[in-house]
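# A look at the structure
One letter stands for each residue in the lines below.
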Amino acid sequence: MQMNQTPSSERVHIGFFGRRNAGKSSVLNAVTGQDLAVVSDVKGTTTDPVQKSMELLPLGPVVVIDTPGIDDEGELGALRVKKSYQVLNKSDAAVLVVDASLGLCEEDFAFIEHIQKKQIPYAVAFNKSDLAPSASLAKDLQYLKEHQIDFVSVSTADLSGIDTLKEKIATLAKTEDTK
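Here's what I pulled together on the structure shown here. Quick caveat, the model's predicted, so the values are computed rather than measured. Per chain, the residues get numbers from 1 upward, laid out in the order the sequence is written. Totals for whole chains, interfaces and linings use all residues, but because this is a predicted model, local features are given only for residues with pLDDT of at least 70 and pairs of side-chain atoms are given and counted only at 80 or more. Side-chain measures here rest on the full set of heavy atoms in the structure, leaving out hydrogens and waters.

## Side note on the side chain of Asp140
Applied cut-off: Numbering goes from the N terminus for both helices and strands, where a helix is a DSSP run of H or I of at least four residues and a strand is a run of E of at least two. Think of it in three bands: with a 1.4 Å probe and only protein chains considered, a residue is buried below 20% of the maximum accessible area for its type, exposed above 50%, and partly exposed in between. The charge count treats Lys and Arg as positive and Asp and Glu as negative. His and the chain ends do not count. Here a salt bridge means any side-chain nitrogen of Lys or Arg lying within 4 Å of a carboxyl oxygen belonging to Asp or Glu. Working rule for contacts: check all heavy atoms of both residues, and any pair within 4.5 Å makes them a contact.
With respect to the helices, strands and loops of the structure, Asp140 is situated in helix 4 (residues 134-146). Although Asp140 is buried, it forms no salt bridge, and the closest oppositely charged side chain is Lys139 at an N-O distance of 4.5 Å. When neighbours within four sequence positions are excluded, Asp140 is seen to be in contact with Gly103, Leu104 and Phe126.

## So, the sheet that holds strand 3 (residues 60-66)
Selection rule: Two strands make a pair as long as DSSP finds a minimum of two bridges between them. The axes used here are C-alpha line fits, helices contributing only the stretch in contact, and every angle between their N-to-C directions lies in the interval 0 to 180 degrees.
Read across the sheet, 6 strands follow the order 2-3-1-4-5-6 without closing on themselves; strand pairing throughout is mixed. The outermost strands of the open sheet, each flanked by one partner alone, are strand 2 (50-56) and strand 6 (151-153). Sheet twist, expressed as the average angle between the axes of neighbouring strands with direction ignored, equals 25 degrees. Summarising the sheet, strand 1 (residues 12-18) and strand 3 pair through 5 bridges and their orientation is parallel. Among the inter-strand pairings, Val12 is bridged to a residue of strand 3, identified as Val62. Sitting on the sheet, helix 3 (residues 106-118) touches strand 1, strand 4 (93-99) and strand 5 (122-127), and the angle it makes with strand 4 is about 170 degrees.

## A few points about the environment of Phe151
Examined against the element boundaries, Phe151 turns out to sit in strand 6. On a C-alpha basis, the gap between Phe151 and Ala37 in space is 23 Å, while along the polypeptide they are 114 residues apart. Setting aside residues no more than four positions away along its own chain, Phe151 makes contact with Val124, Phe126, Leu141, Leu144 and Lys145.

What is shown is where atoms sit, not what they do.
The following block contains the structure:
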């Protein structure tokens, strides 16, 4: 079956999650090599999940999904957070994007716990790693190592770590495929 003929239901679904302005859309665009998601400095730019069927090498046919921030606020914000968690339920693999300059926070830890309960393969992408103070980043990376959580440091500014993240995503998806 050709890539364009692969039904969406048979594709690997990869969700990109994280706080508002962590860089989820930028990381998704860098991983796919396309401008699929709108990128802005304004918090809450992504208000609804955005999905795109495509081929992602070395995986093959996938559906990538950009989500609203898991820390959104207010009545509408709570609905957006709920939508993000709903996307997680239909994801075969998840990427938690963390703004490395801010580090891990309460919402990130809660989301990691939720992913683990659902037993969804995932990795943490520390975006903006070029802007992160090394001391705070080292503390977060140590936490992830101690808890055996896969992570990749990336920068969408210079695309460092993006190929490593793509390889990690492929590994996560293959792990799910073999279950």
